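A closer look at the structure
The primary structure of each chain is shown beneath.
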Amino acid sequence: MTTNLQRLLGLGGWNVAMLSHDGANRRNMLLLIQLRWLAVAGQVATILLVHYAMRIPLPLFWLLVAPTGLVLVNLVSAPITARRNGVEDQELMVALLTDVAALTWLLYLTGGAANPFAALYLMQVVMGAVLLAPVYAWALIAITSACFAGLGLHNLPLNLPPTRENALLSLYLQGSLICFVLMAVLLVLFVTRISQNLRERDASMAALRQQTAEHDHIVRMGLLASGAAHELGTPLASLSVILSDWKRMPTLTNDADLAQDMAVMRAEVERCKSIVTGILMSAGEARGQAPERTTVRAFVADVVEAWKGDGVVTEIHDRLSQNPVIIADPALRQVMGVLFDNAVEAGARRVGLTISLVGDSLDIIVRDNGPGFAPSILADLGKPYASTKDRPGAGLGLFLLMNVIRSLGGKVEASNPAAGGGEVRLTLPLAALAPKESLDDR
């Protein structure tokens with residue numbers, strides 16, 4: 001498939017990241033990091049409550065080693081995860097095992113399996129069952145079971161003061177209540193975020209399916225246009241040869257009216273050939289077939305000059321702080337011409353084009369003095385055949401514009417300004433239009 005069609009078929013990076021397995025793991029890792037902050041806060045609060053409020057002596061230094069270690073793990077893993085596009089299953093497993101190790105250490109120092117907070121192992125198992133592949137989830141179950149069994153054999157019992165020994169059952173119930181509340185809060189937060197991730201994934205898949213359908217439509221249109229252009233090439237070439245022969249025939253050239261008609265016919269044939277060439281270039285290697293280096297100002301001026309509708313005033317408002325070098329993209333040139341045609345067909349007699357640089361992006365605003373966009377068009381902007389014109393094929397202009405701009409990494413916004421008319425804003429990253437060598441020099 002040709003270059004422009006390949007670009008139109010290319011999936012946006014955000015969709016790929018959203019739908020990929022490693023991308024989902026990355027979001028889950030960020031969720032684990034957030035839950036770990038809550039777990040650390042709960043651990044520290046519980047330790048201090050038991051030691052100071054309930055006056056049960058605890059080995060504070062060794063107990064605080066676990067939350068301190070988790071804090072260090074979060075401080076290291078959070079920025080690394082945020083910079084990456086994906087996380088592997090093994091890394092999620094290691095993250096959960098880190099939490100299991102910290103919990104095991106805390107339980108070992110506070111009574112082992114008899115500690116009511118031993119039920120927090122179930123929290124790790126639930127998260128593992130949801131986030132991990134089955135083989136890792138079963139491995140996590142085996143590890144947590146081994147840790148629980150080991151705590152029943154090896155642990156440091158709590159040194160309860162004599163006043164608390166008679167209230168052992170009460171202490172256990174209090175600890176169980178705190179453990180239940182903590183698990184309930186963490187599970188609600190966990191399940192809520194997982195559900196949100198699933199909704200975002202479903203929305204991304206729906207958008208991706210819609211985008212794929214639109215791209216398939218464009219591919220069919222591109223193939224049809226390319227085939228039609230090839231078929232039109234032969235009769236146009238024949239007409240050009242015949243007109244050249246007529247030009248050399250005295251009986252025709254001596255007639256002023258016929259000579260003028262032949263000149264008009266030759267001009268129209270050349271115009272048709274130019275249109276066919278543009279179609280082939282847009283459906284082919286737009287930059288590989290005689291790429292044209294130009295500047296932003298020259299490109300915009302050429303687009304306006306080539307279009308120039310009869311009886312329509314065109315204005316260019318140049319707000320560029322510099323004039324970067326770009327590659328003139330034929331597909332972009334054509335869809336901008338279609339944008340002007342749509343404005344005129346809607347009744348505009350004046351079209352203004354404003355160009356400016358916003359950061360690393362080129363901002364192009366096309367504004368006309370027509371009636372503006374219908375609400376239905378703004379609601380379905382970019383969808384094929386969304387048009388108020390009652391004719392076959394209407395509504396493809398904005399559809400093509402949206403997909404061409406999107407293939408270049410840009411975006412399209414349409415609105416009806418308060419002053420009247422319609423306005424379309426094109427935002428294009430300069431990197432998508434810059435010559436390849438200029439990118440290599442960076």
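Being a predicted model, the structure only gives us computed values, none of them experimental.

Turning our eyes to something else, we now look at the overall build of the protein chain. The number of helices and strands found in the protein chain is 17 helices and seven strands. Out of the 442 residues belonging to the protein chain, those deemed buried represent 37%. The contacts of the protein chain with a sequence gap of at least 6 include a subset with a gap of at least 24, amounting to 74%. Working note: accessible area of the protein chain is about 23800 Å², and carbon and sulfur atoms make up 63% of it.

On to the pattern of salt bridges. Under the criterion given, the structure shown has six salt bridges. Residue arginine 297 is joined to aspartate 318 by a salt bridge in which the shortest nitrogen-to-oxygen separation is 2.3 Å. With a gap of 21 residues between them, arginine 297 in helix H12 (residues 296-307) and aspartate 318 in strand E2 (residues 313-319) connect regions that are remote in the sequence. Given the relative accessible area of 32%, arginine 297 is considered partly exposed. A relative accessible area of 37% means that aspartate 318 is categorised as partly exposed.

We now examine the sheet that holds strand E4 (residues 350-358). Taking strand neighbours across the sheet as the criterion, the five strands line up as E2-E4-E5-E7-E6 in an open arrangement whose pairing is mixed. Sheet topology places E2 and strand E6 (411-415) at the edges, where each strand pairs with a single neighbour. Here the average twist between neighbouring strands, direction ignored, is 15 degrees. Sheet topology places E6 next to strand E7 (residues 422-429); five bridges connect them, and they run antiparallel.

The subject of this paragraph is the nonpolar core. The biggest cluster of nonpolar side chains holds 38 residues, and the ones touching the most others in it are Leu353 and Leu401. Contributing elements (two or more residues each) for this core: H12, helix H13 (330-345), E4, strand E5 (361-368), helix H15 (396-407), E7 and helix H16 (430-433). The element that contributes the greatest number of residues to this core is H13, accounting for seven residues. Once residues within four sequence positions are removed from consideration, leucine 401 is found in contact with Val335, Leu339, Val412, Val424 and Leu426. The next biggest cluster of nonpolar side chains, apart from the first, holds 28 residues, and it includes Ala95, Ala118, Tyr121 and Leu151.

In this model, the protein chain carries an average pLDDT of 78, and 79% of its residues clear a pLDDT of 70 or more. Here residues 1-19 scores under 50 on pLDDT; set against residues more than four positions off or in separate chains, the count is 48 contacts.

Bringing the side chain of glutamine 124 into the picture now. Its location among the elements puts glutamine 124 in helix H6 (residues 120-131). Residue contacts for glutamine 124: discarding those within four places in its chain leaves Leu96, Asp99, Val100 and Leu140.

Definitions and limits used
Per-chain numbering applies: the sequence of each chain, read as written, is numbered from 1 onward. Per-residue local features are limited, in this predicted model, to residues with pLDDT of at least 70; the limit for side-chain atom pairs, both in listing and counting, is 80 or more; totals at the level of whole chains, interfaces and linings are taken over all residues. Here the side-chain values reflect all heavy atoms present in the structure, with hydrogen atoms and water set aside. Secondary structure elements follow DSSP: runs of H or I of four or more residues count as helices, runs of E of two or more count as strands, with numbering from the N terminus. Think of it in three bands: with a 1.4 Å probe and only protein chains considered, a residue is buried below 20% of the maximum accessible area for its type, exposed above 50%, and partly exposed in between. Residues count as neighbours in contact if any of their non-hydrogen atoms are within 4.5 Å of one another. For the area figures, the Shrake-Rupley method with a 1.4 Å probe applies, and any residue is considered shielded solely by the protein chains shown. What counts as a salt bridge is simple: a side-chain nitrogen of Lys or Arg found within 4 Å of a carboxyl oxygen of Asp or Glu. We call two strands paired when DSSP finds no fewer than two bridges between them. Here an axis means a line fitted to C-alpha atoms, over the contact stretch when the element is a helix, while the angle between two N-to-C directions is reported on a 0 to 180 degree scale. We define a nonpolar core as any set of buried Ala, Val, Leu, Ile, Met, Phe, Trp, Tyr and Cys residues linked to one another through side-chain atoms lying within 4.5 Å. As a per-residue measure, pLDDT tells how confident the predictor is, with possible values from 0 to 100.

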